[in-house]
Amino acid sequence: MSNIYESAANSLGLFSSPCLTKVELRVACKGISDRDALSKPDPCVIIKMQSHGQWLEVDRTEVIRSCINPTFSKLFTLDYYFEEVQRLRYELYDISSNHNGIKEADFLGAMECTLGQIVSQRKLSKALLKQGNTVGKSSITINAEELSGNDDYVELTFSARKLDDKDFFSKSDPFLEIFRVNDDSTQQLVHRTETVMNNLNPVWQTFKVSLNSLCSGDHQRILKCKVWDWDSNGKHDFIGEFEATFKEMRAAMDGRQVQWECINPKYQVKKKNYKNSGIVICNLCKIIKMHSFLDYIMGGCQIQFTVAVDFTASNGDPRNSCSLHYIHPYQPNEYLKALVAVGEICQDYDSDKMFPAFGFGARIPPDFKVSHDFAVNFNEDNPECAGIQGVVEAYQNCLPKIQLYGPTNIAPIIQKVANSASEEMHTKEAMQYFILLILTDGVITDMSDTREAIVHASQLPMSIIIVGVGNADFSDMQMLDGDDGILRSPKGEPVLRDIVQFVPFRNFKHATPAALAKSVLAEVPNQVVDYYNSKGIKPKCPSEFDSSRTFGH
């Protein structure tokens, strides 16, 4: 990450988002042509990732001897970030049996794609291109699978019986602590139960903890469990301890009780006939599946991306080189830079790659009345443009035909997208989530209507990204981004979810397009998950893909 982006991120209160999830990729090839007529190829696939314009090797498969339709057993595990375009290149080589080096190996073909494309399709098959980008007969198939386990929660109930009595005038007041033993042998407290007073056979309350927190997703990780007798002075008396694993606790999922002897090591050494200091029982273990962004995407949920561009007069005459809408022959303006940076990410999650593009604040032909939600391609019945490039071309063609005017009203365009999202909401399925990108140069004039529209939209499957272009004072816009507090409608109704992200483009003027996209899209995956989880809508089950590891010939 560049220092420019770091300083911009800090000034915006943004932080580099952690890895969204890990994805496992499986690779198979078909129809590898025989270079040597006397023998079949010995294929190996190398995966590369683009970094600062360079292709760097991430990993490679094993070499499968004499095989024209290999299914490789090697898994590639990659960190996946929604807000970045992660470009991948797969290169297929024939590595002859007398050496494993790539330099002497025969190059059989390559395929390039983005990780987002693989994730959204779950199974991506493409032809391998030979030298000179000619299509050969061989193809490559990539299967993606989210590494599951760490997003799940678990409910646990513990009880105990016949615990040692540590109090003279009453019975012990026991509580239980569970520690995760880390790889470096340090112990991390995961949960401490409440204290059950005056009871040697306590039943502690059911609690919920993430599997990540409990055992870092490793079901065999050692958990150190300690039982104490609570004392009001904080000097709790040690009753005993035991070691367990989540794998052992899981047995309680079948309605069985799992139990461990609670041991006090000092008594074990001192007392001859010492058995234990009581029995601790796991009465309930229930795994609660937390659906992730990838679950919804892989279940077929499409990101519907819509663009809205500010054509108010404050942008300046497009024919003037000082205008924010000036079309420079060699240098894209800020509107185009922001559009392409964000749009390139979103287009990987939309199968038809058709994007509605609207303008607001201009007088439009033929009667030159002011419109706040006109189609940039002037086709009101079909405002969609083919790909991000289509949006760029429609924007450039539209500029000479309109008259920049005002005011800066964005509530109408929010309501327009909200109407589409509202229709999707009634299906009660996770099939379409809407992202509205608003590019504007100034403070909006219909703030109360906009607040009302955002509060309504927060109940729908949609998110709003506003990028402020130019050098205006955008301080009023920050209130729409709920990070500083809860946005309310003029009537006082609060937003159900924080769905607005506002970023001034000037903070990213000298950073890479990826830095801008990263900051404005970082919150989207959680917004998608929050919406569907709050509605109790599960992702559709993706069709089972063939994960057979057998080698074809």
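Quick note: structure is the one above.
Note that the structure is a prediction, hence the values are computed from the model and not measured.

J.: Mind laying out the overall build of the chain, listing which residues take part and the relevant values?
T.: A tally of regular secondary structure across the chain gives twelve helices and 26 strands. Counting the 553 residues in the chain, one finds 50% classified as buried. Long-range pairs, those at least 24 residues apart, make up 71% of the contacts in the chain with a sequence separation of at least 6. For the chain, the exposed area adds up to about 26300 Å²; of that, 48% sits on carbon and sulfur atoms.

J.: Give me the lowdown on the packing of aromatic side chains, citing residues and values where you can.
T.: One pass over the full model with this rule turns up 18 aromatic pairs. Geometrically, the ring pair formed by Phe305 and Phe355 is edge-to-face, given 5.7 Å between the ring centres and 80° between the ring planes. One end of the pair, Phe305, is in strand β17 (residues 302-310); the other, Phe355, is in strand β18 (residues 354-360), and 50 residues separate them in sequence. Accessibility assignment for this pair places Phe305 and Phe355 in one class, buried.

J.: How would you explain unusual backbone geometry if you had to name every residue and give the values?
T.: As a rule of thumb, non-glycine residues mostly have phi less than zero, and peptide bonds are mostly trans rather than cis. The omega torsion of the bond from Pro365 to Pro366 falls at 5°, within 30 degrees of zero and hence cis. Note on placement: Pro366 falls in the loop between β19 (362-364) and β20 (369-371). Cis geometry marks the peptide bond from Gly406 to Pro407; its omega dihedral reads -5°. Note on placement: Pro407 falls in the loop between β23 (403-404) and α9 (411-425). Residue Arg122 is not a glycine yet carries a positive backbone phi of 65°.

J.: Run through the sheet that holds β20, naming residues and quoting values.
T.: Taken together, three strands build an open sheet; the order of strands is β20-β19-β23 and the sheet is antiparallel. In the strand order of this sheet, the two ends are held by β20 and β23, each with one partner.

J.: Would you mind going over the sheet that holds strand β16 (residues 279-288) in detail, with residue names and values included?
T.: Taken together, the four strands give an open sheet; going across it, the order is β12-β9-β16-β15, and neighbouring strands pair in antiparallel fashion. At either end of the open sheet lies a strand with only one pairing partner, and these are β12 (207-210) and β15 (258-261). Across the sheet, the mean angle from the axis of one strand to that of its neighbour is 35°, orientation sign disregarded. As paired strands, β15 and β16 are joined by four bridges and run antiparallel to one another. Considered in β16, the bridge of Glu261 is made with Ile279.

J.: Give a detailed account of the pairing of β17, specifying residues and quantitative values.
T.: Looking along a regular strand, one sees side chains alternate from face to face of the sheet. With eight of nine residues buried, β17 is to be regarded as a mostly interior element. Two strands pair when backbone bridges link them, and β17 and strand β24 (residues 432-440) are joined in this way by eight bridges, in the parallel orientation. Across the sheet, residue Ala308 finds its bridge partner in β24, namely Ile438. Bridge analysis of β17 against β18 gives four bridges, and the strand direction is parallel. If you follow Asp310 over to β18, its bridge partner there is Phe360. In this fold, the crossover linking β17 to β18 by way of helix α7 (residues 334-346) has right-handed handedness.

Calculation rules
- Once a new chain begins, its residue numbering starts again from 1 and follows that chain's sequence as written.
- For a predicted model such as this one, the threshold for reporting local features is a pLDDT of at least 70, and the threshold for listing and counting side-chain atom pairs is 80 or more; totals across whole chains, interfaces and linings nevertheless cover every residue.
- Note: side-chain values were computed over all heavy atoms of the structure, leaving out hydrogens and water.
- Think of it this way: any DSSP run of H or I at least four residues long counts as a helix, any run of E at least two long counts as a strand, and we number them from the N terminus.
- Using a 1.4 Å probe on the protein chains alone, a residue whose accessible area is under 20% of its type maximum counts as buried, one over 50% counts as exposed, and one in between counts as partly exposed.
- Any two residues whose heavy atoms approach within 4.5 Å are treated as being in contact.
- Accessible surface area values rest on a Shrake-Rupley calculation with a 1.4 Å probe, where residue burial reflects the displayed protein chains alone.
- Within 6.5 Å between ring centres, the rings of Phe, Tyr and Trp (the latter by its six-membered ring) count as paired, and their orientation is classed by plane angle as stacked under 30 degrees, edge-to-face over 60, tilted in between.
- Should DSSP find at least two bridges between two strands, the strands are regarded as paired.
- Where helices are involved, their axes are fitted lines through C-alpha atoms of the stretch in contact, as for all axes, and angles between N-to-C directions lie from 0 to 180°.
- When the strands point away from the viewer, a crossover counts as right-handed if the route from the first strand across the helix to the second turns clockwise.

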